[in-house]
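The lines below spell out each chain.
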Amino acid sequence: MNTSTQSIPQLTRSRRRLPSELTILLVLVGISLTFEILGWILQGQSFLANTQRLAIMILQVSVIGIIAIGVTQVIISDGIDLSSGSIVGATAMISMSLAQASSFPRALYPGLTDLPVVIPVVAGLLVGIVCGAINGFLIAYSRIPPFIATLGMMVTARGFAKWYTKGQPISFPTDSFAAIGKGLAPVLIFLAVAAVMHIVLRYTRYGKFTYAIGANRQAARVSGINVERHTVKVYAVAGLLSALAGIVVASRGLTAQAGMGTSYELDAIAMAVIGGVSLSGGRGSIPGTMIGMVIFGVIISGFTFLRLDAYYQEMLKGVIIVAAVVADVYRQRKRVKS
Amino acid sequence: MVSPGTAAAIKRVLEATEADGLLAIEGIRKEFPGVLALDNVQLRIRPGTVHALMGENGAGKSTLMKIIAGIYQPDAGEIRLRGIPTVLKSPLDALEQGIAMIHQELQLMNWMTVAENIWIRREPKNSFGLIDHSKMVTMTEELFARLNIVLDPRAQVSELTVAQKQMVEIARAVSYESSVLIMDEPTSALTDREVEHLFSIIRDLRERGIGIVYITHKMNELFEIADEFTVFRDGKYVGTHSSKDVTRDDIIRMMVGREITDMFPKIDCPIGDVVLEVKNLNIPGVFYDISFSLRRGEILGLAGLVGSKRSNVAEALFGVTPAASGEILVNGKPVTIDSPSAAMSHGFAFLTEDRKETGCFLILNCLENIQSALITRSHVNAGFVDQSTVTKLAEEMAAKLRVKTPNLYETVENLSGGNQQKLLIARWLLTKPRILILDEPTRGIDVGAKSEIHRLITALAAEGVAVLMISSELPEVLGMSDRIVVMHEGHVSGVLDRAEANQVKIMDLAAR
Ligand SMILES: Nc1ncnc2c1ncn2[C@@H]1O[C@H](COP(=O)(O)OP(=O)(O)OP(=O)(O)O)[C@@H](O)[C@H]1O
Ligand SMILES: [Mg+2]
């Protein structure tokens, strides 16, 4: 008798299990309802039924959200990026210095005023790509842990931003540069970035490689993936998105300061982790991070709404970040158990 | 004085023990989302016996063992230890009740030493309450001396070969001095010599009254070591027999529900030109002056004992750890292979030995695992993966290899060991290699699927693929290979033709 005469098992194509994003969505709903109830009790008004508040909240988190999208793919590849906030500062300075209007008498480069908007934008993005690529090179080829490499970039890029004008802010951009961050533009930019990255992570080879490297670096290498080259790309993309965020912040604020973006990296990492991106790599998604971002925003705006002291807010933010990581660890452990 | 009531109770327990043996499992059921892994199964382990648990890949063997070791909780059923109904709440609980387990997948901590791995949580302390490292080393040496294991207790586990790691696992399990010892495929990474060694350890434990549960897919081991065996099929209990009363074919019929006769379906196919030529390949301290050639349509076996560095040669050929010197010629042209992707561009594929470390993406799904190598060179347009085609190819290959999974979107860590191995084979077969290197291809694979995989390998050879196969199972090497290169401690000690090769000659060359 021949084994191949046996019927071959049929594989079904259904995906039965609920996506993990759903759990995070439930957390969001729970938190929102809590603030709603507390609102009626403590403030005598609704938290959710205030579209203006929600619009402000989304605007606030969108800029960091752009960074979180880049950070998401870094964490999925089992890395971390601490340099995003400093890259925001550095790019804000550079692009603003090339975006000044000639009507301003004390421009940094008096010969380079009223330039077309693409020049400051492209220059800023290039700075981000270069910083990110340096991170990636260090991590991939000299085997420095991502934490250390990007910590180095964090300090260096911040130092650069301060040195650039010896600490002086730069202001008065052209109207076209100022338009980048006006009104709801940051939200639209964020949505576009998120949509593109979602498609990239799900349907392209770049995405597949990112997950594979994060899940098992050795196995990825043996599968023929050029792990080093891909790592450089991932960090360069993260740098690019931090730079984009820097340009948006500078444009929206009509000014650039060396201290811009301080601690954005932590908020971005927190959004990703709250959204279910696993710090041990290989797991997470853009929809997850987007929900994580909204949760983050709801919490901040909810605290403000409840008139919680700013200092308490900051402390509670720390608690929330730790709680998100604990939840991640717990999820891992539960997975191992059964 | 013992009161009459107590005496009666003791008598009851003793009687129950008599009937139950050491460990009795009854009516166990375990369901995972979408999979009924165990359905009303039973098992009885008597002290001083080796009880083999048999079944196809995914039959539920490891799941039951994990229940006995306190890792999973059963949905229903009873576990009686010496006649007393017991709940095993956690692995620690099971250990304390005298149940130790050697897992199918290695569970060692790579960055710690051998001694630290063995005595974890039970480290000897000095008078300051700190860990006494020298005592720990001595204890390890004593343990190794008793078990005849030659290994440095201070060596870091990440430096060991898979077989050495397996021996450490065995030593650790024995060190618990448990009354029930579970061994889930302990020999899948061992060559005959270590298997013999393990058997002598097992016989010694059996003598001392320990009950051993032994899982294996190697039929000859069953008759050599097992006293009794139980068969599961698709999560159901089929039967328990004494191994004296049955033949190999009986067992296979019980396991598979059909007959499998041609185990090594070797087809004689024309052997063509030399595809791969290896000249004086060296990695100082690992292997020396490795030279051989491989032709189109040829299956070249690579045999040797553990420590013969067969796997290192394979890794060098595929660029995982490139060779320090020597030449590799593909189709007569010298090539530089400094990374796996370079090797793949010359038509190589490489199934690694250690599926957990270098094989599977455990947290990703089956599809991602199968397609990972394929999409590095094809089926990608402008960066986008041609997912519908790739999915179709993956589904076909998974069905051909009889991968048992609810669907391809199942996370791979939920698959049984043998099914994980099948996914890795599928991964490499899909890349349509010209030179296929297989390191222990049928590790942990059941008899039915094994002959299917052998058939596939032979069919590939018939299509002109050159195959280099490392295997610790001599019957497999002898049955499949056209020629056999035997290695001994990093050197090629001989090359045998299919016609002249036999077990004795191979062992002679391998052991010197
Ligand atoms: N944690 C889990 N989640 C979901 N399904 C699981 C899980 N563990 C095991 N299974 C499923 O249960 C079935 C039995 O698996 P098990 O590992 O017990 O098989 P096995 O008999 O040990 O096979 P092998 O010989 O391949 O090791 C398989 O179909 C497997 O996919
Ligand atoms: Mg198993």
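Every value quoted in this text rests on a predicted model; they were computed, and no experiment measured them.

**Thoughts on the overall build of chain A**
- Secondary structure summary: chain A contains 13 helices and two strands in total.
- What you see for chain A is a C-alpha radius of gyration of 22 Å, in line with the 20 Å of a compact globule of 338 residues.
- By principal-axis analysis of the C-alpha atoms, chain A measures approximately 90 × 55 × 30 Å.
- Taken across its 338 residues, chain A has 52% of its residues classed as buried.
- Contacts in chain A between residues at least 24 apart in sequence constitute 79% of all its contacts with a sequence separation of at least 6.
- Carbon and sulfur atoms make up 69% of the accessible area of chain A, which amounts to about 15500 Å² in all.
- Side-chain charges of chain A comprise 27 positive and 12 negative groups, with the mean position of each set lying 11 Å from the other.

**Re the sheet that holds strand 14 (residues 325–330) of chain B**
All names here are of chain B.
- Pairing within the open sheet is antiparallel, and its four strands lie in the order 12-11-14-15. Where the open sheet ends on each side, the last strands, each with one partner, are strand 12 (287–295) and strand 15 (333–335). Ignoring strand direction, the axes of neighbouring strands in this sheet form an average angle of 20°.
- In terms of strand pairing, strand 11 (residues 274–283) meets strand 14 through five bridges, oriented antiparallel. Counted as the bridge partner of L276 is V330 from strand 14.
- Contacts from helix 10 (residues 310–317) reach strand 11, strand 12 and strand 14, with the element oriented near 65° to strand 12.

**Digging into empty space enclosed by the protein**
All names here are of chain B.
- Tallied over the entire structure, the rule returns four cavities of 30 Å³ or more.
- Of the voids in this model, the largest cavity is the one considered here, and its volume is about 130 Å³.
- Every residue lining the largest cavity is counted, 16 residues in all, and those nearest its centre are S188, K218, T442, G444 and E473.
- For the lining of the largest cavity, a count of residues per class yields one nonpolar, eight polar and seven charged.
- Counting contributing residues, the lining of the largest cavity receives three or more from each of domain 1 (20–256) and domain 2 (272–347 + 433–512).

**Remarks on the domain arrangement of chain B**
Residue and element names in this part refer to chain B.
- By the assigned domains, chain B splits into domain 1 (20–256), domain 2 (272–347 + 433–512) and domain 3 (361–431).
- Placing the centre of domain 1 and that of domain 3 at their C-alpha centroids yields a distance of 30 Å.
- Domain 1 puts eight residues into the contact, and the matching count from domain 3 is eight residues.
- Summing the contributions of domain 1 and of domain 3, the shared interface buries around 540 Å²; its carbon and sulfur component is 44%.
- Our count for the domain 1 to domain 3 interface comes out at zero salt bridges.
- For the pair domain 1 and domain 3, the number of links is two residue pairs in polar contact (both at pLDDT 80 or more).

**Some words on the pattern of salt bridges**
Residues and elements named next belong to chain B.
- The final tally for this structure, using the stated rule, is 20 salt bridges over all chains.
- With a closest N to O distance of 2.9 Å, E228 and R46 form a salt bridge. A residue pair is termed long-range when its members are at least 10 positions apart, and E228 in strand 9 (residues 228–233) and R46 in the loop between strand 2 (35–45) and strand 3 (50–54) qualify at 182 residues.
- A salt bridge links R203 to E224, with the nearest nitrogen and oxygen atoms 4.0 Å apart. Of this pair, R203 sits in helix 7 (residues 192–207) while E224 sits in helix 8 (residues 219–225), and the two are 21 residues apart along the sequence.
- Overall, the relative accessible area of 39% leaves E224 in the partly exposed class.
- Residues joined in a network through salt bridges with shared partners are E26, R44, E78 and R80.

**Concerning helix 3 (residues 84–97) of chain A**
- In this model helix 3 of chain A runs 20 Å from its N-terminal to its C-terminal C-alpha over 14 residues, within 8% of the 20 Å that 1.5 Å per residue would give.
- The buried count for helix 3 of chain A comes to 14 of 14 residues, which makes it a mostly enclosed element.

**Thoughts on the site of ligand 1**
Residue and element names in this part refer to chain B.
- Not every one of the 22 residues close to ligand 1 is listed here, only the nearest: K61, S62, T63, S416 and G418.
- With respect to ligand 1, the side chain of S416 contributes an N or O atom lying 2.7 Å from an oxygen atom.
- One of the backbone N or O atoms of G418 is found 2.7 Å from an oxygen atom in ligand 1.
- Burial of ligand 1 by the protein chains amounts to 95% of its free accessible area of 630 Å².
- At the level of secondary structure, the elements contributing two or more residues to the shell around ligand 1 comprise strand 2, helix 2 (61–68) and helix 16 (417–430).
- Among the elements that make up the shell around ligand 1, the one with the highest residue count is helix 2 (three residues).
- Partitioning the shell around ligand 1 into residue classes produces six nonpolar, 11 polar and five charged.
- Per-domain counts for the shell around ligand 1 show at least three residues from each of domain 1 (20–256) and domain 3 (361–431).

**Things to note about the packing of aromatic side chains**
- Enumeration over the complete set of coordinates arrives at 11 aromatic pairs over all chains.
- Geometrically, the ring pair formed by F318 of chain B and W428 of chain B is edge-to-face, given 5.7 Å between the ring centres and 85° between the ring planes. Taken as a pair, F318 of chain B in the loop between helix 10 and strand 14 and W428 of chain B in helix 16 lie far apart in primary sequence, 110 residues in all.
- Using a relative accessible area of 3% as the deciding quantity, one classes W428 of chain B as buried.
- Counting every residue linked through ring pairs, the aromatic cluster contains F35, F47, F303 and F305 of chain A.

**Brief notes about the coordination of the magnesium ion (ligand 2)**
- Protein-derived coordination of the magnesium ion (ligand 2) comes from S62 of chain B (OG) and Q104 of chain B (OE1), at a distance range of 1.9 to 2.2 Å. Of this pair, S62 of chain B sits in helix 2 while Q104 of chain B sits in the loop between strand 6 (99–102) and helix 4 (114–119), and the two are 42 residues apart along the sequence.

**Brief notes about a nonpolar patch on the surface**
- There is a patch of nonpolar side chains on the surface, built from V29, L33, I37, L38, I41, L42 and L48 of chain A and spanning about 620 Å² of accessible area.
- Here L42 of chain A lies in helix 1 (residues 20–43).

**Remarks on the sheet that holds strand 21 (residues 483–488) of chain B**
Residues and elements named next belong to chain B.
- Across the sheet, which stays open at both edges, the six strands sit in the order 16-19-20-13-21-22 with mixed pairing between neighbours. Both outer strands of the open sheet, strand 16 (348–351) and strand 22 (491–497), are each paired with one neighbouring strand and no more. Mean inter-strand twist for the sheet, computed between neighbouring axes without regard to direction, equals 15°.
- Relative to strand 19 (residues 435–439), strand 16 runs parallel, the two sharing four bridges. Residue L351 lies in a different strand from strand 19, and its bridge partner there is L438.
- Contacting strand 13 (299–304), strand 16, strand 19, strand 20 (466–470) and strand 21, helix 10 crosses the sheet at an angle of about 145° to strand 20.
- Taken strand by strand, helix 17 (residues 447–462) contacts strand 13, strand 19 and strand 20, and its axis lies near 130° from that of strand 13.

**Quick notes on the pairing of strand 6 of chain B**
All names here are of chain B.
- Taking every second residue as pointing to the same face, both faces of strand 6 are buried, with I99 and M101 on one and A100 and I102 on the other.
- With four bridges joining them, strand 6 and strand 7 (residues 180–184) adopt parallel strand pairing. For I99, the partnering residue across the bridge sits in strand 7 and is V180.

**Quick look at the nonpolar core**
- L276, F292, L317, F318, F348, W428 and L436 of chain B are the most contacted members of the largest nonpolar core, which totals 158 residues.
- With 11 residues, helix 2 (residues 51–76) of chain A is the single largest residue contributor to this core.
- Here this core spans two domains, and each of domain 2 (272–347 + 433–512) and domain 3 (361–431) of chain B adds at least three residues to it.
- Ignoring any residue separated from it by four or fewer positions in sequence, one finds F318 of chain B in contact with V222 of chain A together with I337, S339, P340, A343, M344, F348, A349, F350 and W428 of chain B.

Here is what the cut-offs are and how they apply
- Within each chain, residues carry numbers counting from 1 in the order of the written sequence.
- In the order they appear in the text, chains get letters beginning with A and ligands get numbers beginning with 1.
- Per-residue local features of the predicted model are confined to residues with pLDDT of at least 70, and side-chain atom pairs are confined, for both listing and counting, to 80 or more; whole-chain, interface and lining totals are unaffected and use all residues.
- With hydrogens and water set aside, each side-chain value is computed from the structure's full complement of heavy atoms.
- Numbering of helices and strands runs from the N terminus; a helix is a DSSP stretch of H or I covering at least four residues, while a strand is a stretch of E covering at least two.
- Our radius of gyration looks at C-alpha atoms and nothing else; its globule reference is 2.2 Å times the residue count to the power 0.38.
- For every residue, the accessible area (1.4 Å probe, protein chains only) is compared with the maximum for its type, and the residue is labelled buried under 20%, exposed over 50%, or partly exposed between those bounds.
- Contacts were defined at the residue level, with two residues in contact if any of their heavy atoms lie within 4.5 Å.
- Note on areas: Shrake-Rupley with a 1.4 Å probe; residue coverage comes only from the protein chains shown.
- A residue counts as positive if it is Lys or Arg and as negative if it is Asp or Glu; His and the chain ends are not included.
- Here the site of a charge means atom NZ of a Lys, CZ of an Arg, CG of an Asp or CD of a Glu.
- We treat two strands as partners when DSSP finds at least two bridges between them.
- To define axes, lines are fitted to C-alpha atoms, for helices over the stretch in contact only, and angles between the resulting N-to-C directions are given on a 0 to 180 degree scale.
- Lining residues are defined by having an atom within 4 Å of a point belonging to a cavity or pocket. Those points lie on a 1 Å grid over the protein atoms alone, cavities being sets where a 1.4 Å probe fits but cannot get out and pockets being open sets with protein on both sides within 12 Å along at least five of seven lines.
- Grid points are joined across faces, edges and corners, and a volume is the space filled by probe spheres set on the points.
- Basically, the charged four are Asp, Glu, Lys and Arg, the nonpolar ten are Ala, Val, Leu, Ile, Met, Phe, Trp, Tyr, Cys and Pro, and anything else, Gly included, counts as polar.
- Start and end points for every domain follow an automatic or database-based domain assignment.
- Using a 1.4 Å probe, buried area is obtained as the accessible area two parts lose upon being combined, added over both of them.
- By definition, a salt bridge exists where a carboxyl oxygen of Asp or Glu is found within 4 Å of a side-chain nitrogen of Lys or Arg.
- Each polar contact in these results corresponds to two N or O atoms within 3.5 Å; when the atoms are within protein, one needs to be able to donate a hydrogen and the other to accept it, and residues that are neighboring in sequence are counted only if both atoms are side-chain atoms.
- Helix span, as expected, comes to 1.5 Å for every residue beyond the first.
- A cutoff of 4 Å decides nearness: a residue is near a molecule or strand if any of its heavy atoms lies inside that distance of it.
- Centres within 6.5 Å are what make two rings of Phe, Tyr or Trp a pair, Trp counting through its six-membered ring; a difference in plane orientation under 30 degrees is then read as stacked, over 60 as edge-to-face, and the rest as tilted.
- A donor here means an N, O or S atom no more than 2.8 Å from the metal, or no more than 3.2 Å when the metal is Na, K or Ca. Since water is not included, a site may seem to lack partners.
- Patches draw on residues past 30% relative accessible area with no salt bridge. Two like charges within 9 Å are joined, as are two nonpolar side chains (Val, Leu, Ile, Met, Phe, Trp, Tyr) within 5 Å.
- Only buried residues count toward a nonpolar core. Its members are Ala, Val, Leu, Ile, Met, Phe, Trp, Tyr and Cys residues joined through side-chain atoms within 4.5 Å.

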